[in-house]
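# Geometric and topological summary
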Number of protein chains: 2
Amino acid sequence: MIRIIPLGGIGHVTNNMFVYEYSKGDKTERLIVDCGIGFPEEEMLGADLLVPDVSYLKGKENTIVGIVLTHGHDDHIAALPYVLPQLDGQFPIYASALTAGFTRNTLDDFGIKAHIEDFTGGVLQLGSFSIDPVFMTHSVPDTRHLVISTPDGMIYHGSDFKFDWTPVDGHRPDVQKMAHYGRKGIMAALVDCLRVENEGYSLSESKVGENLSREIRDVTGKVIVTIMSSNIHRIQQAIDAAVESGRKVAFIGRSVEENVKTAQQLNFLSIPENVVIKKRKAKNYPDKNLCLIVAGSQGQSGSTLTRIADDEHQLVKVKPGDHVIFSADPIPGNERNVYRLIDNLAKLGATVSYREVQDVLHVSGHASADELRLLLTILKPTTVVPIGGTFRHMNQFKLLATKMGWSERNVLLLNDGDIAAIDQNRGWVDDHLKLKTIIVDGLGVGDVGPLVLADRRRMSLNGMVVVALPVDAATNQIKGQPEVVTRGFVFARQSQELLDKLKNEVTKILPEGMLITDWQKQREEVVEQLDRFVFLETQREPLILLTLVKS
Amino acid sequence: MIRIIPLGGIGHVTNNMFVYEYSKGDKTERLIVDCGIGFPEEEMLGADLLVPDVSYLKGKENTIVGIVLTHGHDDHIAALPYVLPQLDGQFPIYASALTAGFTRNTLDDFGIKAHIEDFTGGVLQLGSFSIDPVFMTHSVPDTRHLVISTPDGMIYHGSDFKFDWTPVDGHRPDVQKMAHYGRKGIMAALVDCLRVENEGYSLSESKVGENLSREIRDVTGKVIVTIMSSNIHRIQQAIDAAVESGRKVAFIGRSVEENVKTAQQLNFLSIPENVVIKKRKAKNYPDKNLCLIVAGSQGQSGSTLTRIADDEHQLVKVKPGDHVIFSADPIPGNERNVYRLIDNLAKLGATVSYREVQDVLHVSGHASADELRLLLTILKPTTVVPIGGTFRHMNQFKLLATKMGWSERNVLLLNDGDIAAIDQNRGWVDDHLKLKTIIVDGLGVGDVGPLVLADRRRMSLNGMVVVALPVDAATNQIKGQPEVVTRGFVFARQSQELLDKLKNEVTKILPEGMLITDWQKQREEVVEQLDRFVFLETQREPLILLTLVKS
């Protein structure tokens with residue numbers, strides 16, 4: 001029996017972190033796969049990002065045999081700088097060359113030194129786990145699946161992937177190795193289910209290259225291509241298309257610049273000489289000889305492309321004749337920002353290509369339904385566990401697998417924090433950890449919880465009313481008029497009458513001279529009455545804050 | 001020459017309101033078309049809705065010859081209760097029967113009595129304007145386009161539409177009338193451009209009916225269909241499909257219940273007897289004989305479907321075997337809410353059909369590119385003006401029209417507030433009104449402006465720090481320790497140290513005994529220093545509020 005504990009990555013797409021446990025007698029060994037950040041839900045106001053809750057691992061550090069990373073996306077690697085300092089002890093970290101490169105950049109930003117080993121040594125032996133990385137294709141190069149073998153059986157860790165038979169670097173998925181282990185007998189396969197709703201096969205990455213060439217060919221001004229910065233193969237194809245039409249290439253935006261540098265050092269990009277120019281030199285070339293590859297395809301505020309579209313970028317001005325290509329689709333939730341970006345670029349006179357008006361400027365990096373069927377057919381795992389999707393995707397994956405003959409009890413739908421047990425016959429949920437949502441906000445990790453978020457939410461919708469009451473420090477009696485100040489509630493200059501009424505209301509309940517006996521209770525009563533009063537007057541529900549000021 | 005002033009409806013899809021002006025000598029007559037609400041942008045925190053800024057019309061009420069409504073969607077009619085009270089005087093309001101019915105409901109909610117005339121009289125003569133309504137198909141029945149004739153020429157007002165040759169009620173668009181006016185010579189056509197990015201033709205509404213029947217046929221539990229509540233033809237088709245499979249129908253949700261009632265009274269719904277049951281009686285029927293038509297397809301918080309999905313609805317409990325059909329696609333910006341709804345319904349055990357997993361459960365009510373080409377070919381207007389879309393749609397429409405032979409100067413892209421002049425040869429922007437964004441928040445109309453929103457935004461992301469300082473009313477000197485309270489900033493119990501530091505910081509700058517001389521200036525200085533201090537400590541930027549409390 002092996003236990004699998006998703007600390008993240010189930011039900012929310014991002015925040016991936018899996019713990020594999022193998023026990024023999026009293027001794028348990030733990031293997032960690034991935035350690036990624038999560039993207040906050042809309043209602044987590046002000047949250048920068050999420051990181052997995054690793055409380056479960058604290059005190060168990062000496063049982064951890066290592067961390068293995070599947071690929072270089074932030075939702076699989078970028079929580080390491082937050083998680084490593086929380087864990088006591090040093091563990092070996094393993095990754096493919098590019099994944100290791102991206103991970104080192106991330107750790108460097110935090111001044112964390114960690115040694116990351118390359119996969120080049122073949123099968124990894126970490127305690128009782130032996131791990132064989134399987135070459136796989138995805139929207140970042142150098143991606144791996146993992147065959148995790150233990151004395152009790154074998155698990156296939158099939159995180160983000162698609163089957164691309166014409167990948168840009170010619171390096172196809174290692175289906176022979178998959179089949180080899182499949183024949184030996186796989187106890188369970190964890191499988192990326194994000195794109196299960198899409199029938200058929202996802203298109204090859206190389207399809208995008210043809211279309212980029214066609215898009216760029218007849219442009220008279222400069223070309224701006226925006227791409228997810230980790231999609232090195234897409235960047236390669238944009239460079240190739242630019243070279244074809246006699247353009248120099250400049251990279252703009254921190255994430256793109258950094259990833260390109262790392263990919264070049266590790267030979268994941270092949271760029272002819274005299275093609276790349278420094279972004280500050282771009283102004284020395286005529287527009288018709290320029291292709292800018294920029295970050296910010298999701299319309300993030302402050303990103304390079306947003307500043308360009310707002311005509312606020314120092315180096316790039318968009319003019320009629322320029323052509324902007326969105327070679328990345330909006331992630332659900334970002335649509336409004338992306339479309340605003342498109343509007344603003346069009347207003348500056350550029351022509352803009354995006355998914356609604358052009359075919360295939362972007363392809364998914366995830367497997368469609370038939371690819372999932374192919375994977376299940378090659379591996380023939382006894383039990384399947386959909387990962388990397390929300391509940392509707394897992395549910396759809398369950399339909400797909402049961403239609404292929406898996407019994408209901410051999411399709412295991414998990415939640416984050418479930419402790420799943422897997423044996424040769426089936427999988428089941430054995431126990432459950434109560435995980436916290438750990439929010440990173442500025443320098444704080446985990447200090448923004450539900451109460452703080454609820455206050456932010458209320459203030460965001462209705463603003464705030466502050467009532468400060470002067471109190472005699474010696475007698476504990478109210479000794480003057482309350483001060484009422486609001487923010488985000490009503491425009492104060494136009495609402496003096498309302499504020500005066502509010503002041504009166506407070507004075508009625510807490511008149512001068514009143515003795516403060518049980519402030520907690522008195523405050524609650526007053527806030528309740530003010531809530532009611534303000535709602536009747538305005539039908540708004542600002543956060544009302546009552547405080548005593550002693551002197 | 002005729003002037004057209006969009007007070008809303010250009011660049012933002014919603015908030016539609018157009019003023020047509022005809023002048024002869026000193027005398028100007030004004031015709032208003034539509035008066036709709038807008039949906040707030042994401043950053044308009046706490047805004048309920050938007051209404052057009054009608055300042056331009058104030059004082060000109062005696063020149064208004066009437067208001068004509070094109071169709072019954074809220075973004076074309078629902079601002080009337082806010083706008084009518086702002087205008088001095090009574091104007092005739094004209095609409096088709098169903099549009100009038102929906103409008104009366106909206107006005108009734110506000111206790112506003114207004115007389116709305118039906119179109120049955122044929123061509124309307126309003127001052128120098130004669131208006132001939134053209135029957136048109138859209139996602140709400142009884143929609144019209146308007147041919148607006150003046151002594152100076154004819155304008156075609158082509159707001160939201162598609163060409164549906166197999167509409168559910170059999171009432172096809174009146175292309176003969178369109179062609180009749182087209183042959184006479186149309187000076188300009190305003191045209192709904194929202195779906196210009198979609199090549200070909202939009203599917204007929206009746207296509208949805210076939211699929212609904214198929215979806216419902218084999219369901220063993222109850223069926224729940226969610227539909228935009230004004231889409232009466234969709235509701236008709238859901239009823240028909242329910243009847244086919246021997247189910248009773250109950251309507252749940254205020255908007256659906258009200259619209260169905262109005263549509264029934266006006267004979268826009270044909271329901272066999274003994275089919276509709278009251279929602280409170282639904283529990284008396286076996287699930288296999290039930291079809292619930294519910295509001296809330298956009299995942300709005302508090303809506304019927306959201307409460308059902310959260311298992312918090314009094315009357316409806318979802319169980320395994322039940323089937324939920326989303327017969328409405330998410331409006332851009334609502335994706336996350338809708339997908340969360342789907343997840344939650346699936347978790348309750350229902351099977352769920354939505355656009356990603358089923359074909360054609362929803363069709364657009366707007367014309368695709370070939371329908372726009374057809375409209376332009378029938379009407380042959382000299383000048384075309386795209387309306388009802390964002391800038392990227394207008395831009396795409398311009399491409400479409402110029403490829404068909406219209407010259408650039410005969411495709412007029414407007415902004416809200418532009419005063420456009422149209423003559424027999426062309427259209428141009430003559431002048432521009434500075435329009436305000438009028439936000440409705442609770443009972444307030446227009447009292448939430450940029451400053452209030454900026455405060456809400458900052459509080460939403462970072463919370464608030466309130467510093468209240470006791471001051472001697474007689475001497476104007478600080479006479480004690482500041483009180484520091486926060487909300488939405490950090491979890492206070494864990495952050496006592498930080499709050500103490502903050503208090504110290506304040507006391508350093510404003511020590512006991514200090515004389516308050518120029519509070520405005522002193523406050524600004526202190527807030528600036530505290531901003532810096534808090535950012536260094538936390539990398540957060542809460543709104544800092546400093547107030548004096550005199551006693």
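As the structure is a computational prediction, the values presented were derived from the model and not from experiment.

What counts and how
- Residues numbered from 1 in each chain as written.
- Chains lettered and ligands numbered in written order.
- Predicted model: local features only at pLDDT ≥ 70, side-chain atom pairs only at ≥ 80, totals over all residues.
- Heavy atoms only, no water.
- Helix = DSSP H or I, 4+ residues; strand = E, 2+ residues; numbered from the N terminus.
- Buried < 20%, exposed > 50% of the residue type's maximum accessible area, 1.4 Å probe, protein only.
- Contact = heavy atoms within 4.5 Å.
- Areas by Shrake-Rupley, 256 points an atom, 1.4 Å probe, with all protein chains shown as cover.
- Lys, Arg positive; Asp, Glu negative; His and termini not counted.
- Charge placed at Lys NZ, Arg CZ, Asp CG, Glu CD.
- Buried area = accessible area lost by both parts, 1.4 Å probe.
- Salt bridge = Lys/Arg side-chain N within 4 Å of Asp/Glu carboxyl O.
- Nonpolar A, V, L, I, M, F, W, Y, C, P; charged D, E, K, R; others polar.
- 1 Å grid on protein atoms, 1.4 Å probe; cavity = no way out; pocket = protein on both sides within 12 Å on 5 of 7 lines; lining within 4 Å.
- Points joined across faces, edges and corners; volume = space filled by probe spheres on them.
- Domains from an automatic or database assignment.
- Axes fitted to C-alpha atoms, helices over the stretch in contact; angles between N-to-C directions.
- Parallel < 35°, antiparallel > 145°, perpendicular 65-115°, else oblique.
- Left-handed = near helix turned anticlockwise from the far one by under 90°.
- Least-squares fit on C-alpha atoms with pLDDT ≥ 70 in both.
- Patch = residues over 30% accessible without salt bridge, like charges linked within 9 Å, V, L, I, M, F, W, Y side chains within 5 Å.
- Pairing = 2+ DSSP bridges.
- Core = buried A, V, L, I, M, F, W, Y, C linked by side-chain atoms within 4.5 Å.

Okay, the overall build of chain A next. Regarding its fold elements, chain A presents 14 helices and 25 strands. Overall, the C-alpha framework of chain A stretches about 85 × 70 × 45 Å when taken along its three principal axes. Relative to its 551 residues, chain A shows a buried fraction of 59%. Sequence-distant contacts in chain A: of pairs separated by 6 or more residues, those separated by 24 or more amount to 72%. Working note: accessible area of chain A is about 22400 Å², and carbon and sulfur atoms make up 47% of it. Counting 60 positive and 70 negative side-chain charges, chain A places the averaged centre of each group 3 Å from the other.

Here we take up the interface of chain A and chain B. Every contact between the two is made by 68 residues of chain A and, on the other side, 67 residues of chain B. Taken together, both faces of the contact between chain A and chain B bury some 6000 Å²; the carbon and sulfur share is 55%. Among the residues of chain A in contact with chain B, A:Arg336, A:Arg392 and A:Arg487 are the three that bury the most area, contributing 12% of the side total. In this structure, B:Asp455 engages A:Arg487 in a salt bridge whose closest nitrogen and oxygen atoms are separated by 3.9 Å. Listed by contribution, the elements that provide at least two residues to the side of chain A that touches chain B are helix 9 (335–347), helix 11 (391–403), helix 12 (450–462), strand 23 (464–471), strand 24 (483–487), helix 14 (519–538) and strand 25 (543–550) of chain A. Its residues assigned to classes, the side of chain A that touches chain B comprises 30 nonpolar, 17 polar and 21 charged.

Another aspect to go through is helix 10 (residues 369–379) of chain A. Within helix 10 of chain A, the full set of buried residues consists of A:Ala369, A:Glu371, A:Leu372, A:Leu375, A:Leu376, A:Ile378 and A:Leu379. On its buried face, helix 10 of chain A is in contact with strand 10 (143–150), strand 11 (153–158), helix 4 (175–184), strand 12 (188–192), strand 18 (383–387) and helix 11 of chain A.

Residues and elements named next belong to chain A. Taken as a whole, this structure holds five cavities of 30 Å³ or more when the rule is applied. In this structure, the largest cavity occupies an estimated 140 Å³ of space. Taken together, 21 residues form the lining of the largest cavity, with Thr137, His138, Ser139, Asp164 and His233 sitting closest to its centre. Those elements giving two or more residues to the lining of the largest cavity turn out to be strand 9 (129–136) and helix 6 (232–244). Here the residues of the lining of the largest cavity sort into six nonpolar, nine polar and six charged. Built from parts of two domains, the lining of the largest cavity gets at least three residues from each of domain 1 (2–200 + 364–444) and domain 2 (206–353). Its boundaries defined by the atoms lining it, the second largest cavity holds a volume of some 110 Å³.

Turning our eyes to something else, we now look at the packing of helix 10 of chain A against helix 11 of chain A. Residues and elements named next belong to chain A. In contact at an axis separation of 11 Å, helix 10 and helix 11 are set at 55 degrees when each is read in the N-to-C sense. Judged by the inter-axis angle, helix 10 sits oblique to helix 11. As helix 10 packs across helix 11, the resulting crossing turns out to be right-handed. Within the contact between the two elements, helix 10 uses Ala369, Leu372, Arg373 and Leu376 and helix 11 uses Phe397, Leu400 and Ala401. Here the contact of helix 10 with helix 11 is built from residues that sort into six nonpolar, no polar and one charged.

A few words now on the side chain of A:His76. Residue and element names in this part refer to chain A. Structurally, histidine 76 is set in helix 1 (residues 74–77). Given the relative accessible area of 0%, histidine 76 is considered buried. In this structure, histidine 76 is in contact with Asn16, Asp34, Cys35, Gly36, Leu69, Thr70, His71, Ser159 and Asp160, ignoring residues within four places of it in sequence.

Note on the copies: chain A fits chain B at an RMSD of 0.1 Å, the axial shift is 0.0 Å, and the rotation between them is 180 degrees. The transformation just described matches what one would write down for a two-fold rotation axis. Nearest to the rotation axis, the C-alpha of A:Ser460 is located 2.3 Å from it, this being the minimum over chain A.

Attention shifts here to unusual backbone geometry. Both trends apply: most residues other than glycine have a negative phi, and most peptide bonds are in trans. Its identity as a non-glycine residue notwithstanding, A:Asn476 has a phi of 65 degrees, on the positive side. One non-glycine residue, B:Asn15, lies in the positive phi region at around 70 degrees. Looking at the element boundaries, B:Asn15 is found in the loop between strand 1 (2–8) and strand 2 (17–24).

Moving on, we get to the packing of helix 9 of chain A against helix 11 (residues 391–403) of chain B. One can describe the packing of helix 9 of chain A onto helix 11 of chain B by two numbers: an axis separation of 8 Å at closest approach and a directional angle of 50 degrees. By the angle class used here, helix 9 of chain A and helix 11 of chain B are oblique. Residues A:Tyr339, A:Ile342, A:Asp343, A:Ala346 and A:Lys347 of helix 9 of chain A touch helix 11 of chain B, and the partners they reach there are B:Phe391, B:Arg392 and B:Asn395. Residue classes in the contact of helix 9 of chain A with helix 11 of chain B are distributed as four nonpolar, one polar and three charged.

Another aspect to go through is a positive patch on the surface. Residues and elements named next belong to chain A. A cluster of like positive charges, contributed by Lys278, Arg280, Lys281 and Lys283, occupies part of the molecular surface. Note that lysine 278 resides in the loop between helix 7 (254–265) and strand 15 (290–294). Looking at lysine 278, the relative accessible area reads 64%, which means it is exposed.

Let's shift gears to the sheet that holds strand 14 (residues 248–252) of chain B. Residue and element names in this part refer to chain B. Reading across from one edge, 14-15-13-16-17 is the order of the five strands in this open sheet, with parallel pairing throughout. Each edge of the open sheet carries a strand with a single partner, namely strand 14 and strand 17 (351–353). Within this sheet the neighbouring strands show an average axis-to-axis angle of 20 degrees, counted without direction. The pairing of strand 13 (residues 223–226) with strand 16 (residues 323–326) spans four bridges and is classified as parallel. When the sheet's bridge partners are listed, valine 225 is paired in strand 16 with isoleucine 325. Where helix 7 (residues 254–265) meets the sheet, it contacts strand 14 and strand 15 (290–294), and its direction lies at approximately 120 degrees from that of strand 14.

Further remarks concern the nonpolar core. One recurring pattern in soluble globular proteins: nonpolar side chains tend to sit buried together. Ranked by size, the top nonpolar core spans 81 residues in total, and within it A:Phe326, B:Tyr20, B:Leu31 and B:Tyr156 carry the most contacts. Sequence-distant contacts of B:Leu31, that is, excluding residues within four places in its chain, are made with B:Phe18, B:Val19, B:Tyr20, B:Val65, B:Gly66, B:Val68, B:Leu126, B:Phe129, B:Ile131 and B:Ile148.

Here we take up the sheet that holds strand 22 (residues 444–445) of chain A. Residue and element names in this part refer to chain A. Sheet architecture is open: three strands sit in the order 4-21-22, paired in antiparallel fashion. Lying at the two open borders of the sheet, with one neighbouring strand each, are strand 4 (49–51) and strand 22. Of the strand pairs in this sheet, strand 21 (residues 438–441) and strand 22 are connected by two bridges, and their pairing is antiparallel. By the bridge assignment, valine 440 is partnered in strand 22 with valine 445.

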